[in-house]
There are 2 protein chains.
Amino acid sequence: MSSVLTKTKPSRAIAPQSWLDTIIKGDCVAALEALPDHSVDMIFADPPYNLQLGGALHRPDQSLVDAVDDEWDQFASFEAYDAFTRAWLLACRRVLKPTGTLWVIGSYHNIFRVGATLQDLHFWILNDIVWRKTNPMPNFKGRRFQNAHETLIWAAPNAKHKGYTFNYDALKAANDDVQMRSDWLFPICSGSERLKDENGQKAHPTQKPEALLARILMASTKPGDIVLDPFFGSGTTGAVAKRLGRHFVGVEREQAYIDAATRRIAAVEPLGKATLSVLTGKKAEPRVAFNVLVESDMIKPGTVLTDARRRHSAIVRADGTLASGGEAGSIHRLGARVQGLDACNGWTFWHYEDEGALKPIDVLRAKVRAGLEKLA
Amino acid sequence: MSSVLTKTKPSRAIAPQSWLDTIIKGDCVAALEALPDHSVDMIFADPPYNLQLGGALHRPDQSLVDAVDDEWDQFASFEAYDAFTRAWLLACRRVLKPTGTLWVIGSYHNIFRVGATLQDLHFWILNDIVWRKTNPMPNFKGRRFQNAHETLIWAAPNAKHKGYTFNYDALKAANDDVQMRSDWLFPICSGSERLKDENGQKAHPTQKPEALLARILMASTKPGDIVLDPFFGSGTTGAVAKRLGRHFVGVEREQAYIDAATRRIAAVEPLGKATLSVLTGKKAEPRVAFNVLVESDMIKPGTVLTDARRRHSAIVRADGTLASGGEAGSIHRLGARVQGLDACNGWTFWHYEDEGALKPIDVLRAKVRAGLEKLA
DNA sequence: GATGTGGGTGAATCCACTC
DNA sequence: AGAGTGGATTCACCCACAT
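From a predicted model like this one, the values you see are computed outputs, not experimental measurements.

Caption draft 1: Geometry of the overall build of chain A. Scanning chain A from N- to C-terminus turns up twelve helices and 14 strands. Buried residues in chain A amount to 52% of all 376 residues. Intrachain contacts of chain A at a sequence separation of at least 6 include 66% that bridge at least 24 residues. A total of about 17500 Å² of accessible surface is found on chain A, and carbon and sulfur atoms cover 54% of it.

Caption draft 2: Region of the structure containing the protein's contact with DNA strand C. All names here are of chain B. Taken together, the neighbourhood of DNA strand C is formed by 39 residues, with Gln-52, Arg-59, Tyr-108, Lys-141 and Lys-202 sitting nearest. The sugar-phosphate portion of DNA strand C accounts for 48% of its atoms within 4 Å of the protein, the bases making up the rest. Residue Asn-139 places a side-chain N or O atom 3.2 Å away from a base oxygen belonging to DNA strand C. Taking Lys-202, its side chain carries an N or O atom lying 2.6 Å from a phosphate oxygen of DNA strand C. Here the residues of the surface near DNA strand C sort into 19 nonpolar, eight polar and twelve charged.

Caption draft 3: Up close: the domain arrangement of chain A. By domain assignment, chain A separates into domain 1 (22-275) and domain 2 (290-374). One C-alpha centre belongs to domain 1 of chain A, the other to domain 2 of chain A, and the line joining them spans 49 Å.

Caption draft 4: Main features of the protein's contact with DNA strand D. As a structural note, the neighbourhood of DNA strand D is formed by 31 residues, with Lys-172, Gln-179, Ser-330, His-332 and Arg-365 of chain A the closest of them. A distance of 2.9 Å is found between a phosphate oxygen of DNA strand D and a side-chain nitrogen or oxygen belonging to Arg-365 of chain A. Here Phe-140 of chain B contributes a backbone N or O atom positioned 3.5 Å from a base oxygen of DNA strand D. For the surface near DNA strand D, the secondary structure elements donating two or more residues are α4 (168-174) and α10 (331-339) of chain A. Ranked by residue count, the leading element in the surface near DNA strand D is α4 of chain A, at three residues.

Caption draft 5: Broad picture of helix α3 (residues 111-120) of chain A. Residues and elements named next belong to chain A. The element α3 is extensively covered by neighbouring structure, given that nine of its ten residues are classed as buried. Turning to α3, its buried residues number three or more, namely Ile-111, Phe-112, Arg-113, Val-114, Gly-115, Ala-116, Thr-117, Leu-118 and Gln-119. Just downstream of α3 lies His-122, where phi reads positive at about 65°.

Calculation rules
- Numbering of residues begins from 1 in every chain and follows the order in which that chain's sequence is written.
- For naming, the first written chain is A and the first written ligand is 1, with later ones following in the order written.
- Side-chain atom pairs in this predicted model are given and counted only at pLDDT of 80 or more, local residue features only at pLDDT of at least 70, and totals for whole chains, interfaces and linings cover all residues.
- No hydrogens and no water enter the side-chain calculation; it runs on all heavy atoms of the structure.
- Strands are runs of DSSP state E lasting at least two residues, helices are runs of H or I lasting at least four, and both sets are numbered from the N terminus onward.
- For each residue, the accessible area found with a 1.4 Å probe, counting protein chains only, is set against the maximum for its type, and the residue is called buried under 20%, exposed over 50%, and partly exposed in between.
- The criterion used for residue contact is that any of the two residues' heavy atoms lie within 4.5 Å.
- Throughout, the Shrake-Rupley method with a 1.4 Å probe supplies accessible areas, and for residues the shown protein chains are the sole cover considered.
- For this description, a residue counts as near a given molecule or strand if any of its non-hydrogen atoms is within 4 Å of it.
- Pairing of N or O atoms within 3.5 Å defines a polar contact, subject to two protein rules: one partner must be a possible hydrogen donor and the other a possible acceptor, and residues neighboring in sequence count only if both atoms are side-chain atoms.
- When residues are grouped by polarity, Ala, Val, Leu, Ile, Met, Phe, Trp, Tyr, Cys and Pro land in nonpolar, Asp, Glu, Lys and Arg in charged, and all others, Gly among them, in polar.
- Either an automatic procedure or a domain database provided the assignment from which the domain bounds are taken.

Next up, the structure:
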């Protein structure tokens, strides 16, 4: 397979269509060398939870960590897990766009190490998210609380880039018009959604529910974006990405998982374009400058504007600024000034008189925007 | 004060009654030298979170958010925070009985580092617990999910000792006979419970709710046990311990907090054997948002909804919003919009077709709620 | 007294774009 | 790239006070 390439020439030669919507076979770090720098919009990672349970733990060099309960060796295994985590996180950041974000899911066995490593590498945590399970496995021995949740971390590749995708308005509208919280409630993946192998056994031990991935993708990607899953497993990320009109790239080491995921994704019907458009809010609307209203004579120079209670007033000047009591400035600056505040939205603060009633100048802006839409 | 003693003779000479049910003034690590080895049954720690805040944050109404910018929360680097964490954790383990347990609370700013350090020091994590807040502060800028929870870690001092206290049956009985989960729901501390200073301002910026501490103490201690809080602050741990018939030891650096906590605890009436309505806390709220139906595939994107008389229609989009004739929004907003009203209950207004009959989408919500009732 | 209204506030890593 | 500026942005609860 093409998963191991020279490090000196990280594969810009490879055309996107060679890896887009495919599963690359190989170890996560090596396989990611097949992807160019800054080529994916979002990453969802469900890394091995490993540790104390005696499962196999591989060092980055692929050697197997000898599981011993000797204290020193346990320390060594934490170090090995941390090195593994650093390696795949660095590989992920290279292929992630500066405006992209990374999601990781884990349990208390590994999530603290992953989170600390993220911070050490100067990823910038945006939220930690709790997936509350409606139907978690009970605790059988009655010596602990029922482990009823897993933790996700959502992070940007560094603290500076604030341009990441977050579909705030759509999430809020879908959530009964209140903003989405950091605690989510979903059932675990079971029943017909759970992938079975030819023997009727579950095909993958940690298959995640599609609803969880759907919320993640709807929150932090746009239609057409490229989503990378470096621990592809049963391919939930790919299946949901295809259904929601996003592209995917998967990395997976085991052929049996690749086969199962390939079949699964082939059966997915993508949703139509009309159902995929994302609700946007005011921030996405075109800018309209106040002087446009003056220039187009919707507000004449000399007009007196007031606040809703007529406690403050200002006069519109021909250059699109306001003046009041020796002060002058933009509708925002002067609105702030007359109230003694640092900031003010002049569009909603200032009102004009129309047939005896006070109306915010924002209604005039809305008219301008409506006119612009016909042009578009 | 007696907080700094020689390291060579760690104070076994000090009789318990000299520190039991008192607040030791001083730095956490130094002050703990006043306590003998293996002398406390449980530790609750609310360490500085190391928030890294930027500039001032204003609410939409321009009011200023009162940020936690205290000196004690400032650290030069992650390395410095880690060193601090190691030091107090080691000091805590020395004074903790082998059968005791340790609780730490934090947010995503610090909890991953604390958890990783716990593991590095061979503490044995028993659970991570999520405190879901009923009334968290909103996200004001709409660039992240509302940060609606904090995380606690419950750990034994090492993997070997299994004799820690966990009152499984009492918790289960208090929880409608189902075992207590790892996600807890409590309001933040406010109102009359919130300690005020002489100016009516909050006495401590991060006072924790008594209900949270009550559940922790009821879960992991027995009456008469000794509970240590190395970051005593406003003394919630002490107040709850006294009320529930446990002993406490606090460590606190600032005299103002010591004074406030002392007065607070003095006013606490210990409970007799009367019980614990606090224990159950709030039940999970049954609110179900529309996107849950979409994410769980009960309503597929592309489905057409109508009102009961089929006079209006709208299409369900994958983001959990509705669209109709160029307009889009939540089920409530769009319901209002198509009727020309200010408000509308989308749950009862919009209908879907089921076997030829129109049914309000509220029946689907009822189904979800029925499934959730097991959780409540 | 019951009800309604307006104001305050909580561990927060909280803007985007142009020049 | 750093400064300047337009202008978008909140949920649940408690309390004081008015009706």
